[in-house]
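Listed here are the chains, written in short residue letters.
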Amino acid sequence: MRFENLPVPAAAAGQDLLTVDFISATQGFVGGNQGTLLTTTDGGQSWQNRSRSSLGDIRKLVFNSATTGWAGTSTGLYRTADGGQSWTLVNYSPTYDIQFVNSQVGYAVGSQNSILRTSNGGQSWVAQNAYNWYPRLDLHAVSFTSVDSGVAMGAERSRYQTTDGGQSWQRDSHGSLTTIYDVIRYRNGRGFVRVGEPQSYGDSQSGFEDAYLVGSTPTSSFWSSNYAWPNNTFAVYGLAQWQNRIVAVGNSTIIRQHREYATHDSPWVQVLGPDATTIRNNYHAADFSTADTFYAVGEKGLVSRFHYN
């Protein structure tokens with residue numbers, strides 16, 4: 001897998017970049033600490049600086065066009081109608097992740113069990129009673145496969161699941177990750193890929209887990225998991241998906257499916273650099289721009305463009 005690091009404006013070079021969202025092969029947005037916001041219309045060859053410190057740390061960007069988008073930040077949930085030149089605060093809850101299931105229905109999760117839902121295309125957001133849950137945990141990731149069925153995950157192995165559009169949620173603590181940073185739920189609802197902080201004991205000391213349901217009873221569910229090889233104990237922070245292709249990124253970590261090189265009965269492999277050693281970049285997030293290209297962003301203004309094949 002080939003990749004190149006791309007230059008960014010000097011103002012962003014020292015900032016940790018936390019999120020990336022491409023809406024086409026050439027047009028994308030990158031956000032990070034202290035309101036860092038960059039846009040490109042030429043596939044990352046050049047960037048325009050639209051940073052705004054009042055936004056706080058930009059943890060998630062989601063755009064549905066070149067002009068309309070949302071930012072989940074440490075100071076709340078914001079909306080833009082002019083490509084990020086100006087922002088309107090739509091909810092005060094500090095936000096980590098946002099997902100739109102369709103043009104009207106979306107979910108956002110964040111600090112203190114915050115789960116928000118919109119049914120009018122992101123114009124307004126309604127809390128899903130999460131503040132009544134204990135313990136109050138930060139939720140870092142959300143993934144829905146329909147307007148009614150999805151999961152929210154975060155600290156202390158927390159996994160909340162709903163099948164009624166967020167009117168009710170069930171919690172369990174399955175899995176080996178101590179904190180979950182990102183999740184992609186499979187469309188059949190019987191499994192998910194998730195990444196986070198690995199536990200420091202046992203056989204599954206990995207920041208990546210592909211978990212799937214193998215059976216259930218009225219009172220219990222039985223899960224099995226795949227991990228990436230060669231294994232490591234680094235934290236993994238982000239996932240990106242293009243149809244059936246999924247990649248995970250983290251500290252010195254790029255993970256993808258590659259059955260030709262797979263071992264231990266798992267299709268997931270750790271991608272190595274040109275010198276056959278671990279890629280020594282620390283990434284926080286990734287996003288596909290085409291089926292064969294994805295971008296990963298990380299520490300100190302790092303933006304890398306990867307060629308999947």
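Below: a short report on this structure. Chains are numbered independently. Their residues run from 1 in the order of the written sequence. Note on the predicted model: pLDDT of at least 70 is required for a residue's local features to be given, and 80 or more for side-chain atom pairs to be given and counted; whole-chain, interface and lining totals, by contrast, use all residues. With hydrogens and water excluded, all non-hydrogen atoms of the structure serve as input to the side-chain values.

### Looking at the nonpolar core
- Core analysis: the biggest nonpolar cluster contains 14 residues, and Ile 254, Tyr 283, Phe 294 and Phe 306 have the highest contact counts within it.
- Sorting the residues of this core by element identifies strand E23 (245–250), strand E26 (283–290) and strand E27 (293–298) as the ones contributing at least two each.
- Only runs of H or I of at least four residues qualify as helices and only runs of E of at least two qualify as strands under DSSP, and these elements are numbered from the N terminus. A total of three residues in this core trace back to one element, the largest contributor, which is E26.
- The residues touching Ile 254, leaving out its near neighbours within four places in the chain, are Met 1, Ala 248, Val 249, Val 269, Gln 270, Val 271, Ile 279, Tyr 283, Phe 294 and Phe 306.
- In this text, buried Ala, Val, Leu, Ile, Met, Phe, Trp, Tyr and Cys residues form a nonpolar core when linked through side-chain atoms within 4.5 Å. Working definition: with a 1.4 Å probe on protein chains only, accessible area under 20% of the residue-type maximum means buried, over 50% means exposed, and in between means partly exposed. Listed in part, the 13 residues of the second largest apolar core include Ala 12, Leu 38, Trp 47 and Tyr 295. Should any heavy atoms of two residues lie within 4.5 Å, those residues are considered in contact.

### A word on the sheet that holds E23
- Two strands qualify as a pair provided DSSP detects at least 2 bridges between them. Across the sheet, which stays open at both edges, the four strands sit in the order E22-E23-E24-E25 with antiparallel pairing between neighbours. Both outer strands of the open sheet, strand E22 (236–242) and strand E25 (268–270), are each paired with one neighbouring strand and no more. Ignoring which end each strand starts from, the neighbouring axes of this sheet average 20° apart.
- Summarising the sheet, strand E24 (residues 253–257) and E25 pair through three bridges and their orientation is antiparallel. Looking across to E25, one finds that Ile 255 is bridged to Gln 270. For every element, the axis is a line fit to its C-alpha atoms; helices are fit only across the contacting stretch, and the angle between N-to-C directions ranges from 0 to 180 degrees.

### Let's talk about the packing of aromatic side chains
- Pairs were defined over the aromatic rings of Phe, Tyr and Trp, the Trp ring being its six-membered one, requiring ring centres within 6.5 Å. Orientation was assigned from the angle between planes: stacked under 30 degrees, edge-to-face over 60, tilted for the rest. Scanning the entire structure with this criterion turns up 14 aromatic pairs.
- Relative to Trp 125, the ring of Phe 100 lies with its centre 5.8 Å away and its plane at 75°, an arrangement referred to as edge-to-face. Of this pair, Phe 100 sits in strand E10 (residues 95–100) while Trp 125 sits in the loop between strand E12 (115–118) and strand E13 (126–127), and the two are 25 residues apart along the sequence.
- Considering the side-chain rings of Tyr 181 and Tyr 237, the 5.0 Å spacing of their centres and the 40° angle between planes classify their relative orientation as tilted. Of this pair, Tyr 181 sits in strand E18 (residues 177–185) while Tyr 237 sits in strand E22, and the two are 56 residues apart along the sequence.
- Among the aromatic residues, those joined into a cluster by ring pairs are Phe 3, Tyr 283, Phe 288, Phe 294, Phe 306 and Tyr 308.

### Points about the sheet that holds strand E3 (residues 28–32)
- The strand order E2-E3-E4-E5 describes an open sheet built from four strands, whose pairing is antiparallel. At either end of the open sheet lies a strand with only one pairing partner, and these are strand E2 (17–22) and strand E5 (48–49).
- Judged from the two bridges that link them, strand E4 (residues 37–40) and E5 form a sheet pairing that is antiparallel. Bridged to Thr 39 within E5 is Gln 48.

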